[in-house]
There are 2 protein chains.
Amino acid sequence: MKKIKQLLSFFKKSVFEKNLVLLIGYTTNNLLLFQTALNHRSVKEHPTENNERLEFLGDAIISSVVADYLFKKYPYKGEGFLTEMRSKMVNRQQLNHIAIQMGLKRLTKFNKLDGGLKTSQIFGNTLEALVGAIYLDKKYEFTKKWIVNKMIQPYLFMDELELIDINIKNKIIGWALKQGKQVDFVLAGEQLEGRRRLFTINVVLDGEVIASQKGYTKKDASQMAAQKAIETLGL
Amino acid sequence: MKKIKQLLSFFKKSVFEKNLVLLIGYTTNNLLLFQTALNHRSVKEHPTENNERLEFLGDAIISSVVADYLFKKYPYKGEGFLTEMRSKMVNRQQLNHIAIQMGLKRLTKFNKLDGGLKTSQIFGNTLEALVGAIYLDKKYEFTKKWIVNKMIQPYLFMDELELIDINIKNKIIGWALKQGKQVDFVLAGEQLEGRRRLFTINVVLDGEVIASQKGYTKKDASQMAAQKAIETLGL
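Since we're looking at a predicted model, the values are computed, not measured.

Rules used throughout
Residues numbered from 1 in each chain as written. Chains lettered and ligands numbered in written order. Predicted model: local features only at pLDDT ≥ 70, side-chain atom pairs only at ≥ 80, totals over all residues. Heavy atoms only, no water. Helix = DSSP H or I, 4+ residues; strand = E, 2+ residues; numbered from the N terminus. Rg over C-alpha atoms; globule rule 2.2 N^0.38 Å. Buried < 20%, exposed > 50% of the residue type's maximum accessible area, 1.4 Å probe, protein only. Contact = heavy atoms within 4.5 Å. Areas by Shrake-Rupley, 256 points an atom, 1.4 Å probe, with all protein chains shown as cover. Lys, Arg positive; Asp, Glu negative; His and termini not counted. Charge placed at Lys NZ, Arg CZ, Asp CG, Glu CD. Buried area = accessible area lost by both parts, 1.4 Å probe. Salt bridge = Lys/Arg side-chain N within 4 Å of Asp/Glu carboxyl O. Polar contact = N/O pair within 3.5 Å; in protein donor to acceptor, adjacent residues only side chain to side chain. Pairing = 2+ DSSP bridges. Axes fitted to C-alpha atoms, helices over the stretch in contact; angles between N-to-C directions. Nonpolar A, V, L, I, M, F, W, Y, C, P; charged D, E, K, R; others polar. Patch = residues over 30% accessible without salt bridge, like charges linked within 9 Å, V, L, I, M, F, W, Y side chains within 5 Å. Phe/Tyr/Trp six-rings, centres within 6.5 Å; stacked < 30°, edge-to-face > 60°.

Caption draft 1: Representation of the overall build of chain A. Within chain A one finds 10 helices and three strands. Counting helices and strands in the order they occur from the N terminus, chain A gives α-α-α-α-α-α-α-α-α-β-β-β-α. For 235 residues, the compact-globule estimate of 2.2 N^0.38 gives 18 Å, and the C-alpha radius of gyration of chain A, at 23 Å, exceeds that figure by more than 25%. Taking the principal axes of its C-alpha atoms as reference, chain A extends roughly 70 × 45 × 30 Å. Sorting the 235 residues of chain A into buried and exposed places 49% on the buried side. Of all intrachain contacts in chain A linking residues separated by at least 6 positions in sequence, the fraction that spans at least 24 positions is 50%. Roughly 12,600 Å² of accessible area belongs to chain A as shown, and the carbon and sulfur atoms make up 52% of that amount. The distance from the centre of the 36 positive side-chain charges to the centre of the 24 negative ones in chain A is 8 Å.

Caption draft 2: Main features of the interface of chain A and chain B. Every contact between the two is made by 43 residues of chain A and, on the other side, 43 residues of chain B. It is Arg53, Phe56 and Phe71 of chain A in chain A that bury the most area against chain B; as a group they hold 21% of the surface buried on that side. There are zero salt bridges connecting chain A and chain B. Connecting chain A to chain B are 15 residue pairs in polar contact (both at pLDDT 80 or more).

Caption draft 3: Summary view of the pattern of salt bridges. All names here are of chain A. This structure, assessed with the given rule, holds 10 salt bridges over all chains. A salt bridge links Asp68 to Lys72, with the shortest nitrogen-to-oxygen separation between them at 3.1 Å. Pair noted here: Asp68 and Lys72 are both in helix H4 (residues 52-73), with a separation of four residues, about one helical turn. Since its relative accessible area comes to 3%, Asp68 is described here as buried. Between Arg197 and Glu190 there is a salt bridge, with its nearest N and O atoms 2.9 Å apart. Residues joined by salt bridges that share partners form a network here, namely Asp68, Lys72, Glu141 and Lys144.

Caption draft 4: View of the sheet that holds strand S2 (residues 196-205) of chain A. Residues and elements named next belong to chain A. Sheet architecture is open: three strands sit in the order S1-S2-S3, paired in antiparallel fashion. Each edge of the sheet is formed by a strand with only one pairing partner; in this case those strands are strand S1 (183-193) and strand S3 (208-215). In this sheet, neighbouring strand axes are inclined to one another by 20° on average, regardless of whether the strands run parallel or antiparallel. When S2 meets S3, the two strands line up antiparallel, connected through seven bridges. Each residue of the ladder has a partner; that of Asn202, found in S3, is Ser212. Relative to S3, helix H10 (residues 218-233) is tilted by about 140°, and along the sheet it contacts S1, S2 and S3.

Caption draft 5: Broad picture of the environment of Lys150 of chain B. Residues and elements named next belong to chain B. One can find Lys150 in helix H8 (residues 119-155). Taking C-alpha positions, Lys150 is 25 Å from Ile4, a pair spaced 146 residues apart along the chain. Apart from residues lying up to four places away in sequence, Lys150 is in contact with Ile24, Gly25, Met102 and Tyr155.

Caption draft 6: Spotlight on the sheet that holds strand S2 (residues 196-205) of chain B. All names here are of chain B. With antiparallel pairing, three strands are arranged side by side in an open sheet as S1-S2-S3. The open sheet has two edge strands with one neighbour each: strand S1 (183-193) and strand S3 (208-215). Strand-to-strand, the axes of this sheet are offset by a mean angle of 20°, without reference to chain direction. Across the sheet, helix H10 (residues 168-179) is in contact with S1 and S2; its angle to S1 comes to roughly 145°.

Caption draft 7: Spotlight on the packing of H4 of chain A against helix H5 (residues 79-89) of chain B. Contact pair H4 of chain A / H5 of chain B: the axes reach a minimum separation of 8 Å and the direction vectors enclose 35°. Contact residues: Glu52, Arg53, Phe56 and Ala60 of chain A in H4 of chain A; Glu79, Leu82, Thr83 and Arg86 of chain B in H5 of chain B. For the contact of H4 of chain A with H5 of chain B, the per-class residue count stands at three nonpolar, one polar and four charged.

Caption draft 8: Spatial organisation of a nonpolar patch on the surface. Residues and elements named next belong to chain A. Side chains of Met1, Ile4 and Leu8 sit close together on the surface and give an oily, nonpolar patch of about 370 Å² of accessible area. Relative to the helices and strands, Met1 resides in the segment before helix H1 (2-12). Met1 gets classed as exposed once you look at its relative accessible area, which sits at 73%.

Caption draft 9: Molecular detail of the side chain of Lys13 of chain B. Residues and elements named next belong to chain B. On the secondary structure map, Lys13 appears in the loop between helix H1 (2-12) and helix H2 (15-24). The buried charged residue Lys13 lacks any salt bridge partner; its closest oppositely charged side chain belongs to Glu17, at an N-O distance of 4.2 Å. With residues up to four places along the chain from it excluded, the contact list for Lys13 reads Lys18, Val21 and Thr27.

Caption draft 10: Looking closely at helix H6 (residues 92-102) of chain B. Residue and element names in this part refer to chain B. By the burial criterion, the buried members of H6 are Gln94, Leu95, Asn96, Ile98, Ala99 and Met102. The N-terminus of H6 is capped by Asn91, whose side-chain oxygen sits 3.2 Å from the backbone nitrogen of Gln93. A positive backbone phi angle near 95° is found at Gly103, which sits one or two residues after H6.

Caption draft 11: Looking closely at the packing of aromatic side chains. The tally for this structure, following the rule as stated, stands at nine aromatic pairs over all chains. Ring centres of Tyr140 of chain A and Tyr140 of chain B lie 3.8 Å apart, and the angle between their planes is 5°; this geometry places the pair in the stacked category. With Tyr140 of chain A in helix H8 (residues 119-155) and Tyr140 of chain B in helix H8, this residue pair bridges two chains. Of the two residues examined, Tyr140 of chain A and Tyr140 of chain B, each falls in the buried class. Geometrically, the ring pair formed by Tyr26 of chain B and Phe142 of chain B is edge-to-face, given 5.1 Å between the ring centres and 80° between the ring planes. Residue Tyr26 of chain B is found in the loop between H2 and helix H3 (31-37), and its partner Phe142 of chain B is found in helix H8; the two are separated by 116 residues along the sequence.

Structure (structure tokens):
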């Protein structure tokens, strides 16, 4: 009976309300708040009517929830790893990708004719604004679960994301192989910084040093050097 | 009677526990968590024993709470204003200043002999770690109140912060425009300091470098370089 009542009340809703329920997964009384979250600046100029304030808020909430998620998922990993994983999870492209898969492309109101419009970011920004609205509507703990269940679990594959940085070194090695060139990662130095050892790794391409980085572990230094080499080579 | 019991139990505590109660304002059972929050990397190398993981978490929580605080305090202001106010409230110097006033200088465990140590940031980082610990101990809503009551209300004077023009960079750009000169902020270098990237920004006036500063973010480095340039130019 309760299910039927819910179903009936669903069909009485406006198209916007129906879409919203399907998007956020619950019924809200704050329709205006969510309308604001879906308004790009190109359709509403005033700060109280477009989604930029909510985007500011939602961006911070997503960062916190992801920090908490990573802190607990990887209890033995250092801050550097956690920071890196977070930026893999919530960078502009990733958020935009998630937003489009959620269907935000159809729901976001924006003006295609606006010259300054970067459509590569707009849906990710709307997703941040949506999270800001959910946070204002339902507070932090609810929003935390929402982010984990609706954003992280379905769209972010942690095992794959973990592997991405390993591929940086492989990327150069693979590239060199194809080019018939020789690439080496060489330990070029080891110094003491306080009580800690600091390693310098050089990336050497056919005998020439093309990148050099320091790090507290050889692996860190190698990764950073590989990243720099990729930028230098324009790969 | 209850007050007396509380007082008696306070005197039974260890020195560390007493200091902790005075610092955070409540009694916790998670002593180990707070000990970790007060350990700088220079005294404990392992990620599970020093405060860097908690700093990562606390930094995000502070950003969220401040975003929420500003969102509600300034209901008609745009995202740009909110972002700027947040960076005035929680930049490195400000956090370090608050931390020292809270007494974290005496409670943080660090090794002065460590060469890589920047004491200008260490207490602010400890404060972030402390917030991370409070969040794990008492969840978000409690931590939110803690940040507002213990960090914002006593140490951050919003009226004054509103008046500070932190966008020093704009000041020089505006000045150069009036003078018919060309000013550029150029990324002159990027190096690794431990796991963190350190950026060097040069201020270039009509092709001549007039200031150069390093920072952990390009924005920080730009601001500091702009400050230096202003002093050099006597603006």
